[in-house]
Every structure is written in structure tokens, then in C-alpha cells.
Amino acid sequence: MLTLVVFAVAVVLWTCTPLDDTFVALAAVVVLLLFGVLPASALAVLGGSTTWLLIAAFVLAGGVTASGLPARLATSLTGRARSVRGLLHLTAFALLLTAFLVPSTSGRAALALPVHGALRERVNSRVSRALGVLFPSVILLTAVATLVGAGAHLITSALLEQATGEGIGFGQWLVLGLPLALVSAHVTAEVVLWLFTTRADRAERLGLDESTLVTAVWSEGPAAVGALAVPKVVRPHLAGLTRSELAALAILAVVSAAWLTEPWHHVPPEVTALAGAIAITTPRLGVTTLKQAMAEIPWSLLLFMAATTMLGTALVGSGAAATIAGLISPSHLLPTVVVVSLAAHLVVQSRSARSSVLIPIVIPLALAAGMNPAALAFASTAAAGFCHTFTSSAKPVALFADAYRPRDLLKLSAVLAPITGALVLACAVLLWPHLGLPLK
């Protein structure tokens, strides 16, 4: 009966209203999924669960961005800085928070460009260059905070599930990745301060003004600011949020809470994300249209991720990965995995491709050594997030290429690479076992 009612309503909406046909169809599917009429596996008709999760996450991100919430967050935090050190640390923290708003390092970098442009006009050349290397570095290293922070994370989880029967869920990834992301963000800020600024720079007092800053951000890139109007002063109070920002924040909070509580209600994360995508594009309730949000989805990235996931699955399923793993000694396995993952960006530029090549080899290596494959796979994925050495190493680095000199990246990489490796090793040995991810 429910199916007939949903179908009848869909037909009426298709024929008698100006609502987008795709929106109506997806909304009907979501209703049937939520009520258990359709199993979550039905989404495989148009792609795997990973693909659907990313599509829905990008639609959600499109709505959140259109609301102006990320720009308000960034300008509210950076506008509070009263010193250069405070500016870099507040910027690092703001960029960490954007990992929960935009499921793409490239998208986060594009969103941050106007904020960087507004800030660099208000500081001296050395601090401006420091900000130029800080923005992409923090964006790349803090993606590990969330499962949807990068396509490589979803590939890792999918390959683990295919090989061992259990992947890493949103809640577990958050618990494991957020501490590393938080420490990495602020350590990177200190490293950048030490390498690119003088003591006098760090002691310099800043006079940033939030309202002036948001006006400058708007002039730098209005598309990234979305619904934020120039005359409206950014206020870090809930009462100061616009209706669009409140709606985006509420929907994002509900979706995140549903992801975190998945073990209790058992609604698959892709179904939750799809429901959130429908909510944020619903006329009057939402903040954007489905057509506008879908236009912003990087379809080539999704196809590439799907193809590399299939490649990784083939490596595991065919036994090719086990053959390669047999050539590597299991002794000192964890440090070897971390070092190779750190250096992999010098050979393979795509983060997703790195995970698709490394994880199918790491899993049989871990099993042969009597270690937890999930622990080694997570450590490898976290370490592979380091890709700062060359301008071509990652898209976020390339987007900020005019803000620094190429030798600045080499200088930063020489210091930050071993620090990142040490942080990942420390987490794998000292922290993650206490958070449910033992090495053995």
C-alpha cells in the first residue's frame, strides 16, 4: 500500500506541479528506502553505495555553500585574530571545520580562495606567503577528520569491506581521524610560522575587522559566499544567522547525527546522505535547487573514483595484491607502510589512485604479519594525505600556486613530511588502539 501511495503522489507531482522530475523521483526513492520497502542494495542499480554517498554529500555541500555558512564561519574566526600567530591558528581551525562542510579537498580550496585573497591584502609579504602555503597544507592534512573528506577514504573503507567483511564507518572514522586532523592543523601552523615569518612578524598586532573582511571576501569571490549579503555584518551569534544558514546548519547537524548513530538505527549512510540532499534542495525548506547542486558535482571525479575502486577490488580478488605483498618482508611493517604512503604522491598524483594501489597491498601484508588490516589501511590512508612537495602534487596546492614560490613547498615538505609520519605512527601505536583500532 505504501508503495502505491508513494508512486501515486510521485505521478501527481510529475504531472501537476513544476517540481523537478529528478527531485520527485529521488524523494520517492528516499521515502521507500527509509520505510524499508526498498533495501539499501537497490541503489546499486545506478552505482555502488560509495558513489551514492559521494553524490549526496556533494549535493549537501552545494546547499551548505550556497547558504553562505562556510564564508561566515571562515570570516568570523579569522576576523577575531589579533596577532599573526593567532591568525594562522584560527585559519587552520576554520579550514579543519570546512572538512565537515565540503566533501572534496579541491572544493574546500576553491571555497577558501576568496578568504585567502582578502587576508593577504591586510598583511605583509612574508605573512602573505605563509598563508599561501598554510591554506592548501591544512586543507589536505585535515581531510582525514571525516570519512567523506576525500574519495580515498571511501575507497579504503570499501576495499576493507570487500576483503575482510567490515569497513570503517562514519562515526569510527571521525573518532580516529579528528584528533590527528586537529593536531596536524595546528602543528602545520607552527611549522609555517617558524619557516616563513620572523619574530617581528609573529609579534605584529593585527586590526582585522569582521564586517570589512566579509565585504572583501564577497568582492574576491561572490559565488563562494552564496547567500551572504555584503551589508550584513557577520556575527558569531546564532541569532545573526540568516534563514538559509540556519536551514543548512540544521540539516547538516541531523545528517551528521544520523551518521554517528548508525549502529543504533542501522540506516545506511548513503540513505541518510540522500535524505539530507533532498531536504536541502526542497523548495522553501532548502537553500538551493537540485539542478543547481547537481551541476556542481565533479562527475569525472566520481567516475574516476569508481574506476579506481574497481581496480583495487580486482587487485584483491585476483590475488595479484597478495603476490605483491609476498615480496615484502612483514617486519617493520607499520613504519614501511607509513613511509611509502607519505612518498607515494611523488609517483601517483591522485589521492584516490594512491589508496587504490596501496590498500590492496597493505591488507594482505597485514594479514600475513598477524596485524589488523584496518589499522594499517587507516594509517596508510592518513599518511597518503600528505602531498605538498610540488605544485602538481595536489589540486589544492596548484590552486594557491600564485601565493608562494615552488621552493617554499620543498622547504615545507622537508620539515612537515617527517612530522606527519611521526604523528601517524604515534596515533597508530599510542592512540588508535584505545579508540577501537588495535594494531594486532
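Overview of the structure. (Residues numbered from 1 in each chain as written. Predicted model: local features only at pLDDT ≥ 70, side-chain atom pairs only at ≥ 80, totals over all residues. Heavy atoms only, no water.)

The next thing to look at is the overall build of the chain. Within the chain, the regular secondary structure consists of 23 helices and zero strands. The buried share among the 440 residues of the chain stands at 53%. Of the contacts formed within the chain by residues at least 6 apart in sequence, a portion of 78% connects residues at least 24 apart. In the structure as shown, the chain presents an accessible area of about 18,200 Å², 69% of it carried by carbon and sulfur atoms. (Helix = DSSP H or I, 4+ residues; strand = E, 2+ residues; numbered from the N terminus. Buried < 20%, exposed > 50% of the residue type's maximum accessible area, 1.4 Å probe, protein only. Contact = heavy atoms within 4.5 Å. Areas by Shrake-Rupley, 256 points an atom, 1.4 Å probe, with all protein chains shown as cover.)

In this section: the pattern of salt bridges. In the structure shown here, the tally under the stated rule is four salt bridges. Salt-bridge contacts for arginine 129 lead to aspartate 408; the nearest nitrogen and oxygen are separated by 3.1 Å. With arginine 129 in helix α7 (residues 125–141) and aspartate 408 in helix α23 (residues 406–431), this residue pair connects regions lying 279 residues apart in the sequence. The buried category is assigned to arginine 129, whose relative accessible area is 18%. One connected set of salt bridges, linked through shared partners, spans Arg129, Arg405 and Asp408. (Salt bridge = Lys/Arg side-chain N within 4 Å of Asp/Glu carboxyl O.)

The next thing to look at is the nonpolar core. In this structure, Leu88, Leu131 and Trp432 are the most contacted members of the largest nonpolar core, which totals 120 residues. Among the elements that line this core, the one with the most residues is helix α9 (residues 170–196), at 12 residues. If sequence neighbours within four positions are ignored, leucine 88 has contacts with Ala130, Leu131, Leu134, Ala189, Val192 and Leu193. (Core = buried A, V, L, I, M, F, W, Y, C linked by side-chain atoms within 4.5 Å.)

Close contact between helix α3 (residues 49–67) and helix α13 (residues 243–260) brings their axes to 8 Å; oriented N to C, the two are set at 150 degrees. In terms of their interaxial angle, α3 and α13 are classed as roughly antiparallel. In this structure, α3 crosses over α13, and the sense of that crossing is left-handed. Listed contacts from α13 to Leu53, Leu60, Val64 and Ser67 of α3 are Ser244, Glu245, Ala248, Ile251, Leu252, Val255 and Trp259. Split into classes, the residues belonging to the contact of α3 with α13 amount to eight nonpolar, two polar and one charged. (Axes fitted to C-alpha atoms, helices over the stretch in contact; angles between N-to-C directions. Parallel < 35°, antiparallel > 145°, perpendicular 65-115°, else oblique. Left-handed = near helix turned anticlockwise from the far one by under 90°. Nonpolar A, V, L, I, M, F, W, Y, C, P; charged D, E, K, R; others polar.)

Even without being a glycine, histidine 266 presents a positive backbone phi close to 65 degrees. If you trace the backbone, histidine 266 turns up in the loop between α14 (262–265) and α15 (269–280).

On to the packing of aromatic side chains. Using the criterion set out here, one finds four aromatic pairs in the structure. Aromatic pair phenylalanine 378 and tryptophan 432: ring centres 4.8 Å apart, planes at 90 degrees, arrangement edge-to-face. Of this pair, phenylalanine 378 sits in helix α21 (residues 373–383) while tryptophan 432 sits in the segment after α23; the two residues are 54 residues apart in sequence, bridging distant segments of the chain. Summarising the burial analysis for this pair, phenylalanine 378 and tryptophan 432 share the class buried. Three or more aromatic residues joined by ring pairs make a cluster, and in this case those are Trp173, Phe378 and Trp432. (Phe/Tyr/Trp six-rings, centres within 6.5 Å; stacked < 30°, edge-to-face > 60°.)

Another aspect to go through is the packing of α3 against α15. Close contact between α3 and α15 brings their axes to 8 Å; oriented N to C, the two are set at 30 degrees. It follows from the interaxial angle that α3 and α15 lie roughly parallel. The handedness of the crossing between α3 and α15 comes out as left-handed. Contacts between α3 and α15 pair Ser49, Trp52, Leu53, Ala56, Val59, Leu60, Gly63 and Val64 from the former with Pro269, Glu270, Ala273, Leu274, Gly276, Ala277 and Ile280 from the latter.

Okay, the environment of leucine 410 next. Within the secondary structure layout, leucine 410 lies in helix α23. Separated by 21 residues in the primary sequence, leucine 410 and threonine 389 have C-alpha atoms spaced 5.4 Å apart.

With that settled, consider the environment of tryptophan 299. Assignment of secondary structure puts tryptophan 299 in helix α17 (residues 299–318). For the pair tryptophan 299 and isoleucine 55, spaced 244 residues apart in sequence, the C-alpha to C-alpha distance is 8.7 Å. Residues contacting tryptophan 299, with those up to four places away along its chain left out, are Ile55 and Met294.

A word on the side chain of serine 157. Within the secondary structure, serine 157 sits in helix α8 (residues 151–164). We classify serine 157 as buried; its relative accessible area is 11%. A distance of 3.1 Å separates a polar side-chain atom of serine 157 from the backbone nitrogen of isoleucine 168. Excluding anything up to four places from it in sequence, serine 157 contacts Leu147, Gly167 and Ile168. (Polar contact = N/O pair within 3.5 Å; in protein donor to acceptor, adjacent residues only side chain to side chain.)

This paragraph deals with the side chain of serine 83. Along the chain, the position of serine 83 falls in the loop between α4 (69–78) and α5 (84–98). Apart from residues no more than four positions distant in its own chain, serine 83 is found in contact with Arg202, Glu204, Arg205 and Leu206.

To continue, consider the environment of valine 12. When you line up the elements, valine 12 lands in helix α1 (residues 2–16). Given the relative accessible area of 46%, valine 12 is considered partly exposed. Spatially, the C-alpha atoms of valine 12 and valine 24 are 10.0 Å apart, while their sequence positions differ by 12 residues.

Let's shift gears to a nonpolar patch on the surface. Nonpolar side chains collect at one region of the surface, where Leu2, Val31, Leu34, Phe35 and Val37 lie side by side and expose about 430 Å² of accessible area between them. Classification of phenylalanine 35 as exposed rests on a relative accessible area of 62%. (Patch = residues over 30% accessible without salt bridge, like charges linked within 9 Å, V, L, I, M, F, W, Y side chains within 5 Å.)

In short, shape yes, function no, at least from these values alone.
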